[in-house]
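Structure at a glance
Next come the chains, spelled out residue by residue.
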Amino acid sequence: MADVDLSVEIAGITFKNPIILASGPPTRSAERIIRAMKYGAAGVVTKTITYDVMQQIQPRPRMYVVRPHDALAGRYYSFYSVDLMSEYKPERWISEIGKVKAEVKDGVLIASIAGRTYEEWSKLAQLVERAGADMVELNVSCPHIEEGELMGRAAASDIDIVRHIIKTVKESTSLPVVVKLTPHGAHPVKLARVAVEAGADVLVSTARFQGLILDVNTMKPILWGGFGGYGGPWQVPISLSWTAHIAMQRLKVPLIGSGGISSWRDVLAFILVGAKATQMCTAIMMYGYQLIPKLLQGIEKWMKDKGFASLEEFRGRALESIIPLEKLSRKKAYIVKIDRGKCTGCGICVRDCPYDAIYLDDFRKAVVNHELCDNCGLCMSLCPTNAISLTVMQHDG
Ligand SMILES: Cc1cc2nc3c(=O)[nH]c(=O)nc-3n(C[C@H](O)[C@H](O)[C@H](O)COP(=O)(O)O)c2cc1C
């Protein structure tokens, strides 16, 4: 498939395709990183490197999949976990990074770091640069970090702290600095602006949420007994919307989309709203490194079918079609039609119509009262047999 070029340039570094593995268990050692790169990942973010010993000792158990059967069937699931940072001391990462750089020549290695003090942020940035990392990613996003700390989401809740961390790291290294945004700090768009002003070279939008799963029988949180990171494919529309909002700011730094990505369609969606590349972790944990070539094949095929030779040809294309709230059509009139042949009389549309505009007739077929119907679209979306359609009656203006 040589006629499709998947490469992308981010902060002066070429990635051979838009697939980057996010920081997490699939990137916890040189051996795993090399495996990811051999499966085709263009870049890999290491598990977060820290001097905080409490972050290096993992709680057990710490991972739980909500609806695992749905995950295996390719449907929505959630991943709940309290995996902390890298178990390896920062010094160990000097040899881990060295091994990766010696073994793989066409993969970009991004080192994720988290300091407890500004001095530690600086020291870690210098350490990973000396070790041979290509970029450094700042973990101001981890959902487990509670208020008062200088790392993870706690740091991102104060824009002055984020600014100071970025400036400190920028002064300590010549590596491009990637800032991973969080849904839990200041508003991601505001955080993005502050990060770029402070010198961030690349933004990642965005990390996971914090969640809590309780067992009502025991009346306690499940498994490890506390809060955890919470994410999954359902997160894509949320992270996609933030990525689009940030892209619309035209901040002049490359944006990497992340948060819930598990299919080639997800990767394309992030590129279509302006991302240069994507990061993913959970989907690799669920479907293995074998997912990487499948994603690449799906993207290549889509590009060929659409006649695109490079990602730049369609990057950001969807932004122009996103209609702002104030411009949404209020004048267009529709009429709801029900295909009586397809209607099974299940009554879901009758029960759920917010305008009480649908009833079942004597033949148990749905009938619309057009006087009451507001054409909101809910019945069409819910109908299990696709018996309901909306037809435009009158256009704007
Ligand atoms: C088990 C697990 C461990 C993770 N560990 C880290 C970490 O050490 N550092 C970090 O910055 N992000 C970590 N993450 C977050 C991911 O890098 C990623 O930002 C997040 O999960 C959203 O992407 P995804 O939906 O593709 O997983 C972890 C995620 C999971 C699921």
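Use the structure listed above.
Sequence order as written defines residue numbering, which begins from 1 separately in each chain. Where local features are concerned, this predicted model is filtered to residues with pLDDT of at least 70; where side-chain atom pairs are given and counted, the filter is 80 or more; whole-chain, interface and lining totals use all residues. In computing side-chain values, all of the structure's heavy atoms are included and hydrogens and water are not.

**Considering the packing of aromatic side chains**
Centre distance within 6.5 Å is the pairing criterion for rings of Phe, Tyr and Trp, where only the six-membered ring of Trp is used; planes under 30 degrees apart are then read as stacked, over 60 as edge-to-face, and the remainder as tilted. According to the stated counting rule, one finds eleven aromatic pairs in the structure shown. Ring geometry for Trp302 and Phe314: centres 4.9 Å apart, planes at 70°, overall edge-to-face. Of this pair, Trp302 sits in helix α12 (residues 291-306) while Phe314 sits in the loop between α12 and β18 (333-338), placing them twelve residues apart in sequence. Take Trp302 and Phe314: they sit in the same class, and that class is buried. Secondary structure elements are taken from DSSP: a helix is a run of H or I of four residues or more, a strand is a run of E of two residues or more, and numbering for both begins at the N terminus. Partly exposed describes any residue whose relative accessible area lies between the buried limit of under 20% and the exposed limit of over 50%, with all areas from a 1.4 Å probe on protein chains only and scaled to the type maximum.

**Focus: the state of the cysteines**
In this description, the term disulfide denotes a pair of cysteine sulfurs within 2.5 Å. Going through the model one piece at a time under the given rule, you end up with zero disulfides. Here Cys349 is not cross-linked by a disulfide; its sulfur's nearest cysteine counterpart is in Cys346, at 6.1 Å. The cysteine Cys383 is free of any disulfide, with Cys346 supplying the nearest cysteine sulfur at 6.2 Å.

**Thoughts on helix α7 (residues 159-172)**
Under the convention used throughout, the expected extent of a helix is 1.5 Å for every residue step, that is, one less than its residue count. Here α7 spans 20 Å end to end across 14 residues, near enough to the 20 Å set by a 1.5 Å rise per residue. Regarding α7, the residues found buried are Ile161, Val162, Ile165, Ile166, Thr168, Val169 and Ser172. Around the axis of α7, the buried residues are gathered within 160° of arc, so they sit on the same side. Contacts made by the buried residues of α7 are with α5 (118-131), β9 (135-138), α6 (152-156), β10 (177-180) and α8 (188-198). Distance and chemistry together define a polar contact, namely a pair of N or O atoms within 3.5 Å, with one atom able to donate a hydrogen and the other to accept it when in protein, and with adjacent residues in sequence counting only for side-chain atoms on both sides. N-capping of α7 is provided by Asp158, with a side-chain oxygen placed 2.9 Å from the backbone N of Asp160. Here the arc refers to the directions that run from the helix axis out to each C-beta atom. Any two residues whose heavy atoms approach within 4.5 Å at even a single point are treated as in contact.

**Looking at the pattern of salt bridges**
Counted as salt bridges are all cases of a side-chain nitrogen of Lys or Arg within 4 Å of a carboxyl oxygen of Asp or Glu. Taken as a whole and assessed by the stated rule, the structure comprises 21 salt bridges. Ionic pairing is found between Lys16 and Asp106, a salt bridge with its closest N-O pair at 3.1 Å. Placement of Lys16 in the loop between β2 (13-15) and β3 (19-21) and of Asp106 in the loop between α4 (90-103) and β8 (108-114) is noted, with a sequence separation of 90 residues between them. Accessibility expressed as a relative area gives 44% for Asp106, which makes it partly exposed. One salt bridge in this structure joins Lys38 and Glu103, with 2.7 Å as the shortest N-O distance. Here the residue Lys38 occupies a position in helix α1 (residues 30-38), and Glu103 occupies one in helix α4, the gap between them amounting to 65 residues.

**Considerations on the side chain of Thr206**
You can see Thr206 is positioned in the loop between β11 (202-205) and β12 (209-211). Within the structure, Thr206 has its side chain in polar contact with the backbone oxygen of Leu181 (distance 3.1 Å). Residues within four places of Thr206 in sequence aside, it is in contact with Leu181, Thr182, Pro183, Gln235, Ser239, Trp242, Ser258 and Gly259.

**Topic: the pairing of β9**
When a strand is regular, its side chains alternate between the sheet's two faces. Here β9 shows a buried face lined by Met135 and Glu137 and a second buried face lined by Val136 and Leu138. Sheet topology places β8 next to β9; four bridges connect them, and they run parallel. What sits directly across from Ser112, in β9, is Glu137. If you view a crossover with the strands going away from you and the path from the first strand over the helix to the second runs clockwise, you call it right-handed. Remark: the β8/α5/β9 crossover connection has right-handed handedness. As paired elements, β9 and β10 share three bridges and run parallel to each other. Each bridged residue has a counterpart across the sheet, and for Val136 the counterpart in β10 is Val177. DSSP calls a pair of strands paired once it identifies at least 2 bridges connecting them.

**A word on the site of the ligand**
The local shell around the ligand holds 21 residues, among which Ser23, Lys47, Thr48, Gly260 and Thr282 are the closest. The backbone of Cys281 places a nitrogen or oxygen atom 2.9 Å from an oxygen atom of the ligand. Residue-level accessible areas treat just the shown protein chains as cover; the underlying method is Shrake-Rupley with a 1.4 Å probe. For the ligand, whose accessible area on its own is 600 Å², the fraction buried by protein is 96%. Residues are called lining when one of their atoms sits within 4 Å of a cavity or pocket point, these points coming from a 1 Å grid over the protein atoms alone, where a cavity is a set in which a 1.4 Å probe fits but cannot get out and a pocket is an open set with protein on both sides within 12 Å along at least five of seven lines. Molecules are considered to sit inside a cavity or pocket once more than half of their atoms lie within 2 Å of its grid points. Of the pockets mapped on this structure, the ligand occupies the largest cavity. Elements with a minimum of two residues in the shell around the ligand: β7 (78-81) and α11 (282-287). One heavy atom within 4 Å of a molecule or strand makes the whole residue count as near it.

**Section: the environment of Gly132**
Position of Gly132 among the secondary structure elements: in the loop between α5 and β9. Sequence separation of Gly132 and Ser263 is 131 residues, and the distance between their C-alpha atoms is 31 Å. Dropping the residues within four chain positions of it, Gly132 is found in contact with Ile97 and Lys101.

**A closer look at the nonpolar core**
Among the nonpolar cores identified, the biggest contains 104 residues, and Phe15, Trp121, Val128, Leu138, Val179 and Leu203 are the most heavily contacted of them. The greatest single-element share of this core, amounting to seven residues, is contributed by α12. Non-local contacts of Trp121, meaning those with residues more than four positions away in its chain, are made with Ile113, Ala114, Gly115, Leu138, Asn139, Val140, Leu150, Met151, Ile165 and Val169. Definition of nonpolar core: a set of buried residues of the types Ala, Val, Leu, Ile, Met, Phe, Trp, Tyr and Cys, connected through side-chain atoms within 4.5 Å. Among the nonpolar cores identified, the runner-up in size contains 14 residues, and Val336, Ala357, Cys373 and Cys379 belong to it.

**Examining the sheet that holds strand β6 (residues 63-66)**
Strand order in this open sheet of four strands is β6-β7-β15-β12, and the pairing throughout is antiparallel. In the strand order of this sheet, the two ends are held by β6 and β12, each with one partner. Strand-to-strand twist across the sheet, computed as the mean angle between neighbouring axes with direction ignored, equals 30°. Note on geometry: axes are C-alpha line fits, over the in-contact stretch for helices, and angles between N-to-C directions span 0 to 180 degrees.

**A few points about a nonpolar patch on the surface**
The patches reported here contain residues having more than 30% relative accessible area and no salt bridge. Joining distances are 9 Å for like charges and 5 Å for nonpolar side chains (Val, Leu, Ile, Met, Phe, Trp, Tyr). On the surface, a cluster of nonpolar side chains totalling about 310 Å² of accessible area is made up of Val53, Met54 and Ile57. Tracing the backbone through its elements, the reader meets Ile57 in the loop between α2 (53-56) and β6.

**What about the side chain of Thr27?**
Within the element layout of this structure, Thr27 appears in the loop between β3 and α1. For Thr27, a relative accessible area of 0% puts it in the buried group. A polar atom in the side chain of Thr27 sits 3.2 Å from the backbone nitrogen of Lys47. The residues contacting Thr27, other than those within four sequence positions of it, are Leu21, Ala22, Ile33, Val44, Val45, Thr46, Lys47 and Trp93.

So yeah, pure geometry; function would need other evidence.
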